[in-house]
Amino acid sequence: MTKLYDLSGFARKMKDLHEILKKGKYKKIGFKVTKTQHLLLKARINGVRGNFILDTGASNSCVGFEGIELFALTASKSATKAAGAGATGMFTQLAKDNELQIGRWKCSGFHLVVFDLSHVNEALRQHKAKPVQGIIGADILLQGKGIIDYYNHCLYLK
């Protein structure tokens, strides 16, 4: 037996949420859901636009090594090893004091981890999805008091 739910008030409640967040000085940022079910958004690092996966499970935001030149980063060696999505012990660099812009939300003095993202992009290519330049992680979600509206494909940052 199938249950039917009345969702008529849902759209109104979501609109109310948007208004509350707008009054709370949150910036609304749209994202797309890829074929691989990743959340994809556009962001600028040091004024250069790129495609990024929004990953609540990534502790730090990061870019691939090719992002050093692309985003004009000043990267230095790091003793920290990265791990994630099937790869461990990966060599990293750290790029400090950058500017990040996602939609109308901006962050100065932003630090990025730089490491080999080829395994991420290879997995995306295997699913015929476009490669990304980096990952927006929990560091930004925490700093921006992030709220993700999965239903309407929106990220809110304060």
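Keep in mind that this is a model prediction, so the values were computed, not measured.

Peer 1: I tried to follow the nonpolar core on my own but got confused; where do I start?
Peer 2: Nonpolar side chains tend toward joint burial in soluble globular proteins. Counting residues in each nonpolar core, the largest one holds 24 residues, and the members touching the most others are Leu41, Leu100 and Ile102. Taken together, the elements giving at least two residues each to this core come down to β3 (39-45), β4 (48-54), β7 (87-102), β8 (105-115), α4 (138-143) and β11 (154-157). At five residues, β8 tops the list of elements feeding residues into this core. Setting aside chain neighbours within four positions, we find Ile102 in contact with Ile29, Leu41, Lys42, Ala43, Ile136, Ile140 and Leu157.

Peer 1: Is there a simple way to explain a positive patch on the surface in this structure?
Peer 2: A surface patch of positive charge is lined by Lys32, Lys42, Arg44, Arg49 and Lys130. The residue Lys32 is located in strand β2 (residues 32-33) in this model. On the basis of relative accessibility, which here comes to 62%, the residue Lys32 falls in the exposed class.

Peer 1: How do you make sense of the environment of His18 when you look at a structure like this?
Peer 2: For His18, the position within the fold is in helix α1 (residues 10-23). Owing to a relative accessible area of 21%, His18 belongs among the partly exposed residues under this scheme. When sequence neighbours within four positions are dropped, the list of residues in contact with His18 reads Lys28 and Tyr156.

Peer 1: Is there a simple way to explain the pattern of salt bridges in this structure?
Peer 2: Once their charged atoms are close, side chains differing in charge can pair, the charge on each being opposite to the other. Applying the stated rule across the entire model yields one salt bridge. In this structure, the salt-bridge partner of Glu122 is Arg125, at a minimum N-O distance of 3.8 Å. Note that Glu122 and Arg125 are positioned in helix α3 (residues 118-126) at a spacing of three residues, about one turn of the helix.

Peer 1: Where do I start with α3 in this structure?
Peer 2: Think of an α-helix as turning once every 3.6 residues; residues three or four places apart then point the same way. Within α3, the full set of buried residues consists of Val120, Asn121 and Leu124. Along the long axis of α3, the arc covered by the buried residues comes to 90°, so they all point the same way. In this structure, the buried side of α3 is in contact with β4. Looking one or two places after α3, you find Lys128, whose phi comes out positive at around 60°.

So, how was this worked out
Residues numbered from 1 in each chain as written. Predicted model: local features only at pLDDT ≥ 70, side-chain atom pairs only at ≥ 80, totals over all residues. Heavy atoms only, no water. Core = buried A, V, L, I, M, F, W, Y, C linked by side-chain atoms within 4.5 Å. Buried < 20%, exposed > 50% of the residue type's maximum accessible area, 1.4 Å probe, protein only. Helix = DSSP H or I, 4+ residues; strand = E, 2+ residues; numbered from the N terminus. Contact = heavy atoms within 4.5 Å. Patch = residues over 30% accessible without salt bridge, like charges linked within 9 Å, V, L, I, M, F, W, Y side chains within 5 Å. Areas by Shrake-Rupley, 256 points an atom, 1.4 Å probe, with all protein chains shown as cover. Salt bridge = Lys/Arg side-chain N within 4 Å of Asp/Glu carboxyl O. Lys, Arg positive; Asp, Glu negative; His and termini not counted. Charge placed at Lys NZ, Arg CZ, Asp CG, Glu CD. Arc of directions from axis to C-beta.

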